[in-house]
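Summary of the model geometry
Read off the chains here:
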Amino acid sequence: MNMKSNVIVALLAGGACMASVACGSKSGNVDQAAAEEKPKVTTEVVHVEKVDQISVFTGNVEGYAVNNITPQSSRRISRLLVDVGDHVTAGQVVAEMDESSLAQAKSQLATDKAAFERADELYKFGGESKAAWEEAKNEYELSQSNYDNLLENTTLCSPIAGVVTARNYDNGDMVGADPIFVIQQIRPVKIMVNVSESLYSYVKKGMGVDVALDALPDRTFEGKVSRITPAIDPSTHTFPVEIVVTNSDEMVKPGMYARVTMNYGSRDNVVVPDRAVVKQMGSGDRYIYVYQQDGTVKYQKVELGRRMSDRYEITEGLADGDEIVVKGQNALNNGVSVERVNE
């Protein structure tokens, strides 16, 4: 082999050696980069806590009893004795109607009463047939009933104690389809709310509730469950519950928007930061990444309970002492190795 050939061989050998070194160096960098590419996460150990079982429902305040004051037939109003905002007592006269029909009915009653008394006297001595006596009796009773009805519908009284919340006519108007007055009992008031069927066994008659009103943001009122409807609405899967508020100071008004808070006691459940909860795309399922002893994370489905500010109650899926990912979970997949960077 000549000198030129020896040089070429030496150059090739050196190149191979350099390539080998370079390859070794590149392989080491890949391994190091792979190690550095582990997702960094922050974890937190979660524990069981006592969690108040609270639900909030909304509804509108209503008068405990509502009465529409109106005569049975169309009549002309002679005099209105109360107005919107007035308090009335049970039995108080609130309106007087035109008495012309009542006067006619009173005259007819007197005539029929006298006719029956004559027929009754004759019947006792056999001077009148039973058929004639019964006819006179029926005429008298019909006149009496008509007079009593007109009397009741000429002087209109409120059957309840409450507040006048509407007036639809003025003096001299003919009464049409609308009532003359609407009177509502506001001591107490009631609120109707629709409660989820899953809570049916927890709602009890007489249980206390808290009532908050948008119109009175600085106050909370005490209420009680007064009635529970024993049937579930199949379309909404809810059942109506009636709440009564004493309202002794009459601050709560019909029509106000109310939020009713029910407390069913407490349960021992795991509580987690809300930022740890991941929603699965395309479904309503919720997940949390649980850190494993081998340095990987597990994608764990959970059931959420009550939300408390920035925390969630977990009713199913986690155990006391689980270590969960609270930061960095957006870049994770089930089973991936992670690097903890807890502060």
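Refer to the structure above for everything that follows.
A brief look at the structure comes next. (Residues numbered from 1 in each chain as written. Predicted model: local features only at pLDDT ≥ 70, side-chain atom pairs only at ≥ 80, totals over all residues. Heavy atoms only, no water.)

Now for the overall build of the protein chain. Helices and strands together make up the secondary structure of the protein chain, namely 3 helices and 18 strands. In the protein chain, of all internal contacts separated by at least 6 residues, the share reaching a separation of at least 24 is 72%. Carbon and sulfur atoms form 49% of the exposed surface of the protein chain, whose accessible area is close to 20500 Å². (Helix = DSSP H or I, 4+ residues; strand = E, 2+ residues; numbered from the N terminus. Contact = heavy atoms within 4.5 Å. Areas by Shrake-Rupley, 256 points an atom, 1.4 Å probe, with all protein chains shown as cover.)

On to the pairing of strand 8 (residues 181-196). In this structure, strand 2 (residues 47-69) lies alongside strand 8, joined through 8 bridges in antiparallel fashion. Residue Gly63 lies in a different strand from strand 8, and its bridge partner there is Val189. Pairing between strand 7 (residues 162-167) and strand 8: 4 bridges, direction antiparallel. By the bridge assignment for strand 8, Ala166 is matched with Val182. The pairing of strand 8 with strand 11 (residues 238-245) spans 8 bridges and is classified as antiparallel. In the sheet register, Met192 faces strand 11, and the bridge partner there is Glu242. (Pairing = 2+ DSSP bridges.)

Next up on the list: the nonpolar core. The biggest cluster of nonpolar side chains holds 27 residues, and the ones touching the most others in it are Val211, Ile243 and Met262. Looking at this core, the elements that each hand over two or more residues are strand 2, strand 8, strand 9 (208-213), strand 10 (216-228), strand 11 and strand 12 (257-273). With 5 residues, the single largest contributor to this core is strand 8. Setting aside residues up to four positions removed in sequence, Val211 forms contacts with Ile191, Arg219, Thr220, Phe221, Ile243, Val245, Ala258, Arg259 and Val260. Counting residues in hydrophobic clusters, the runner-up holds 16 residues, among them Leu80, Val88, Val164 and Ile183. (Core = buried A, V, L, I, M, F, W, Y, C linked by side-chain atoms within 4.5 Å. Buried < 20%, exposed > 50% of the residue type's maximum accessible area, 1.4 Å probe, protein only.)

All right, on to the layout of surface pockets then. To find leftover empty space, one rolls a probe the size of a water molecule over the atoms. For the largest pocket, the calculated volume is near 220 Å³. What lines the largest pocket is simply Gln53, Ile54, Ser55, Leu199, Tyr202, Tyr264, Arg267, Gly305, Arg306, Glu313 and Thr315. When residues of the lining of the largest pocket are traced back to their parent elements, those giving at least two are strand 2, strand 12, strand 15 (297-308) and strand 16 (311-316). Split into classes, the residues belonging to the lining of the largest pocket amount to 4 nonpolar, 4 polar and 3 charged. Roughly 170 Å³ of volume is contained in the second largest pocket. Breaking the lining of the second largest pocket down by element, the ones donating at least two residues are strand 2 and strand 6 (155-157). Of the residues contributing to the lining of the second largest pocket, the split by class is 4 nonpolar, 6 polar and 1 charged. (1 Å grid on protein atoms, 1.4 Å probe; cavity = no way out; pocket = protein on both sides within 12 Å on 5 of 7 lines; lining within 4 Å. Points joined across faces, edges and corners; volume = space filled by probe spheres on them. Nonpolar A, V, L, I, M, F, W, Y, C, P; charged D, E, K, R; others polar.)

For sheets, the rule is that strands pair by backbone hydrogen bonds, running either parallel or antiparallel. With antiparallel pairing, 3 strands are arranged side by side in an open sheet as 3-5-6. Unpaired on one side and paired on the other, strand 3 (77-80) and strand 6 mark the two borders of the sheet. Pairs of neighbouring strands in the sheet enclose a mean axial angle of 25 degrees, with direction left out of account. As defined by bridge partners, strand 3 adjoins strand 5 (residues 93-97) across 3 bridges and the pair is classed as antiparallel. What sits directly across from Leu80, in strand 5, is Ala95. (Axes fitted to C-alpha atoms, helices over the stretch in contact; angles between N-to-C directions.)

Turning next to helix 3 (residues 130-152). In this model helix 3 runs 33 Å from its N-terminal to its C-terminal C-alpha over 23 residues, within 8% of the 33 Å that 1.5 Å per residue would give. Among the residues of helix 3, those classed as buried are Trp133, Ala136, Tyr140, Ser143, Tyr147 and Leu150. Buried residues along helix 3 sit against helix 2 (100-124). (Expected span 1.5 Å × (residues − 1).)

Okay, the packing of helix 2 against helix 3 next. Running from amino to carboxyl end, helix 2 crosses helix 3 at an angle of 155 degrees, the nearest separation of the two axes being 8 Å. It follows that helix 2 is roughly antiparallel to helix 3 by the angle criterion. Viewed along their axes, helix 2 and helix 3 form a crossing whose handedness is left-handed. Broken down by class, the residue content of the contact of helix 2 with helix 3 amounts to 13 nonpolar, 5 polar and 7 charged. (Parallel < 35°, antiparallel > 145°, perpendicular 65-115°, else oblique. Left-handed = near helix turned anticlockwise from the far one by under 90°.)

Let us now look at the side chain of Glu242. Residue position: Glu242 is located in strand 11. A residue is classified by how much of its surface remains accessible, and Glu242, at 4% relative accessible area, is buried. A polar contact of 2.6 Å, which involves the side chain of Glu242, links it to the side chain of Ser226. Ignoring any residue separated from it by four or fewer positions in sequence, one finds Glu242 in contact with Tyr64, Lys190, Ile191, Met192, Lys224, Val225, Ser226 and Arg227. (Polar contact = N/O pair within 3.5 Å; in protein donor to acceptor, adjacent residues only side chain to side chain.)

Under the counting rule described, the total for this entry stands at 16 salt bridges. We note a salt bridge from Glu141 to Lys137, for which the minimum N-O separation is 2.6 Å. Pair noted here: Glu141 and Lys137 are both in helix 3, with a separation of 4 residues, about one helical turn. Residue classification places Glu141 among the partly exposed positions, given a relative accessible area of 39%. The partner of Glu323 in a salt bridge is Arg340, and the shortest N-O contact between them spans 2.8 Å. Residue Glu323 is found in strand 17 (residues 323-327), and its partner Arg340 is found in strand 18 (residues 339-340); the two are separated by 17 residues along the sequence. Through salt bridges that share partners, Asp83, Arg167 and Asp170 make up one connected network. (Salt bridge = Lys/Arg side-chain N within 4 Å of Asp/Glu carboxyl O.)

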